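Architecture and fold: a report
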Amino acid sequence: MVPPLPPPSPLQLYNTMTRRVEPFTPLHSPRVTVYTCGPTVWNYAHIGNFRTFLFEDLLRRFLEFAGYEVFHIMNLTDVDDRTIKAAAAAGKSLGEHTAPFVTAFFEDRDYLRIKPAHVYPRATQTVPAMVQLVERLLERGVAYAGEDGSVYFAIAKFPTYGRLSQLDTRELKTGARVASDEYAKDDPRDFALWKQASPVDAAVGAVWDAPFGRGRPGWHLECSAMSLSEIRRRFKVETLDIHAGGIDLVFPHHEDEIAQSEAATGQPFVRYWLHGEFLNVRGTKMSKRFGNFLTARDLREQGVDAAAVRLLFWQTHYRQSLDFNDAALEGAREGVRRLGEFRERLAQIPETDSGAAPAAPAGGETLDTHALRFEQDFRAALSDDLNAPRAVAALFGFVRAVNRELDQAPTTPNARRALGALEGAMAVLDVLPSAKPPGAELTAWVEEQLAGREKARKAKDFREADRIRAALRARGVELDDTPAGTKWRVV
């Protein structure tokens, strides 16, 4: 008998706020609210951005794999210092300049197989919520109007400022202000919530009316307003379960989000803060100056399979720096090829299961026991702060073990069990090779086979229908019977 799967390992995540790996407990289980800082759409997102977005995709997929009901919010920053400057340089309105980059981001997201967020609030479409948040902070006395016509957050009136970044604010100069969206590390100063409109802002259409003056929101304000308005409206709460982003956002962006959100609501803003480390290209920080600046569309145009990019990223823990280089990418390509061949081998084995547990072969193992062990190891690895390298090691250990069994007994029963374990892991990692577009000859043959299968099914000749399905599978064609008809794809 195959032993039952042991109880799943409890999920534990590294919380940047506490600097500890902690058991994950959402506010209202099984629902999990996740907010991730999305792209600033002034230009194409580079692969360093997508390393963060992919780590967040792993988080989302594993939460769902573990049985949680995830609600994922990702914002699009379409108004800030950089978008305004870029639009002005291009001689376009803000909307005209950012629209193509929004489209490009979604195309790149789909290329890299990142699951779409449930909502993508845009900063320019959420200004009323931002105005309300500033009014609330002014009423509570933690924001003030500066002599320059902008509204600032008084961090001296928020005593716990600096908790996330562990910043020492004892040397804080009261009243020192910074209007820029991005400023020096370890430089805590009152930051702009609302910026008085400048001629450049007006020229590109980045100005809005507000009770405290005509202007535009500061970058930090935008994420607080977008996240809080979504969860307040949908779930009647003012606390996110998880907020994730790149390590470079801890200060000042996320620190400022905490201050303005908690000062406004009186509630904890986020329960768990997760941050991904940087990506280097060929050992050096990515820079156009070094000639190693890569975007996701560069990889797509080079014909790089998204599965190889994903596998390469999973081989380094999200809290460790990752080096993107040609040798590592080639190794990932080879790994993806092996996985594709393994899945095809399993899919081509006839379904001979009789329902009874199979006898162990000479080696003392069965596909059942290999699958069971893999499922346990895979889940335990990802439950340990999303330890993807360990999960990938378990995956390839499973491939080697099952291939050995199949080499000894090619018709081993329960290949479906091994295939199910593989596909369960793929729901999280998604690193099988991309399907190749079928040629005209294959398409014609498949359509002929499907017509014969449909005729057999109508005649209740299920043996013939199964034979045709097996013949299709032998040529790498997978079927999906849907209410709208039978769909097929090449794997």
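Quick caveat, the model's predicted, so the values are computed rather than measured. In this convention, every chain numbers its residues from 1, walking through the sequence in written order. Thresholds applied to this predicted model are a pLDDT of at least 70 for local features of residues and 80 or more for the giving and counting of side-chain atom pairs; totals over whole chains, interfaces and linings are not thresholded and use all residues. The side-chain quantities take in all heavy atoms of the structure and omit both hydrogens and water.

A closer look at the overall build of the chain
Heads up, the rule is: Put simply, DSSP marks the helices as runs of H or I at least four residues long and the strands as runs of E at least two long, and each gets a number from the N terminus on. For the exposure calls, accessible area comes from a 1.4 Å probe over protein chains only, and a residue counts as buried if that area is under 20% of its type's maximum, exposed if over 50%, partly exposed in between. Here a residue-residue contact requires only that any non-hydrogen atoms of the pair lie within 4.5 Å. Computed by Shrake-Rupley with a 1.4 Å probe, the accessible areas treat only the displayed protein chains as cover when residues are assessed.
Summing up its helical and strand segments, the chain has 15 helices and 16 strands in all. The principal-axis extent of the C-alpha atoms belonging to the chain is close to 80 × 45 × 45 Å. Counting across all 491 residues of the chain, residues that qualify as buried make up 51%. In the chain, the share of contacts with a sequence separation of at least 24, taken over all contacts with a separation of at least 6, comes to 77%. Summing over all exposed atoms, the chain offers an accessible surface of approximately 22000 Å²; the carbon and sulfur share of this is 51%.

A word on the pattern of salt bridges
Quick note on the threshold: Take a side-chain nitrogen of Lys or Arg and a carboxyl oxygen of Asp or Glu: if they are within 4 Å of each other, that pair is a salt bridge.
Applying the stated criterion across every chain yields a total of 41 salt bridges. Residue Asp-241 pairs with Arg-271 through a salt bridge whose shortest N-O separation is 3.9 Å. Taken as a pair, Asp-241 in strand S10 (residues 240-246) and Arg-271 in strand S11 (residues 270-276) lie far apart in primary sequence, 30 residues in all. Assessed through its relative accessible area of 31%, Arg-271 is described here as partly exposed. We note a salt bridge from Glu-454 to Arg-457, for which the minimum N-O separation is 4.0 Å. Placement of both Glu-454 and Arg-457 in helix H14 (residues 440-458) is noted, with a separation of three residues, approximately one turn of the helix. Through salt bridges with shared partners, one network takes in Asp-57, Arg-61, Arg-113, Asp-305, Arg-310 and Asp-430.

Describing the pairing of strand S2 (residues 20-23)
When a strand is regular, its side chains alternate between the sheet's two faces. For the record, the criterion: Here a strand pair is declared whenever DSSP counts at least two bridges between the two strands.
Bridging between strand S1 (residues 12-15) and S2 involves four bridges; their strand directions are antiparallel. If you follow Gln-12 over to S2, its bridge partner there is Pro-23. Taking the residues that link successive antiparallel strands as the turn, the S1-S2 hairpin has four residues, and the phi of Arg-19 there is positive, at about 60°.

Re the state of the cysteines
Inclusion rule: In this description, the term disulfide denotes a pair of cysteine sulfurs within 2.5 Å.
This model, assessed by the stated rule, comprises zero disulfides. The thiol of Cys-37 is not disulfide-bonded; the next cysteine sulfur, from Cys-223, is found 4.0 Å away. The buried category is assigned to Cys-37, whose relative accessible area is 7%. Given the relative accessible area of 1%, Cys-223 is considered buried.

Remarks on helix H9 (residues 306-314)
Because an α-helix completes one turn every 3.6 residues, residues spaced three or four positions apart along the sequence face the same direction. This is how the line gets drawn: Counting of polar contacts relies on pairs of N or O atoms within 3.5 Å, with two restrictions inside protein: one atom must be capable of donating a hydrogen and the other of accepting it, and residues adjacent in sequence are counted only when both atoms are side-chain atoms.
Counting buried positions along H9 gives nine out of nine residues, so the element sits mostly inside the fold. Among the residues of H9, those classed as buried are Ala-306, Ala-307, Ala-308, Val-309, Arg-310, Leu-311, Leu-312, Phe-313 and Trp-314. Where H9 begins, the capping side chain belongs to Asp-305, and its oxygen is found 3.0 Å from the backbone nitrogen of Ala-307.

Remarks on the packing of aromatic side chains
Here is the rule we go by: Here a Phe, Tyr or Trp ring, Trp counted by its six-membered ring, pairs with any other such ring whose centre lies within 6.5 Å, and the pair is stacked when the planes are under 30 degrees apart, edge-to-face when over 60, and tilted otherwise. Two thresholds decide whether a charge sits over a ring: the Lys NZ or Arg CZ must be within 6 Å of the ring centre and within 35 degrees of the ring normal.
Applying the stated criterion across every chain yields a total of 22 aromatic pairs. Between Phe-105 and Tyr-120 the ring centres are 6.5 Å apart and the planes differ by 75°, which places this aromatic pair in the edge-to-face class. Taken as a pair, Phe-105 in helix H3 (residues 94-111) and Tyr-120 in the loop between H3 and helix H4 (127-139) lie far apart in primary sequence, 15 residues in all. Taken individually, Phe-105 and Tyr-120 each receive the classification buried, so the pair is uniform in this respect. Among the aromatic residues, ring-to-ring pairing joins Phe-62, Phe-65, Phe-342, Phe-374, Phe-378 and Phe-398 into one connected group. The ring of Tyr-152 carries Arg-177 above its face, with NZ or CZ at 5.1 Å from the centroid. Cation over ring: Arg-319 sits above Tyr-14, and NZ or CZ is 3.9 Å from the ring centre.

Let's talk about the confidence of the model for the chain
Here is the rule we go by: Along the chain, pLDDT gives the predictor's confidence residue by residue, from 0 to 100.
Predicted confidence across the chain gives a mean pLDDT of 91, with 91% of residues reaching 70 or more. Low pLDDT, under 50, characterises residues 353-363; the stretch is placed with twelve contacts to residues that sit more than four places away or in other chains.

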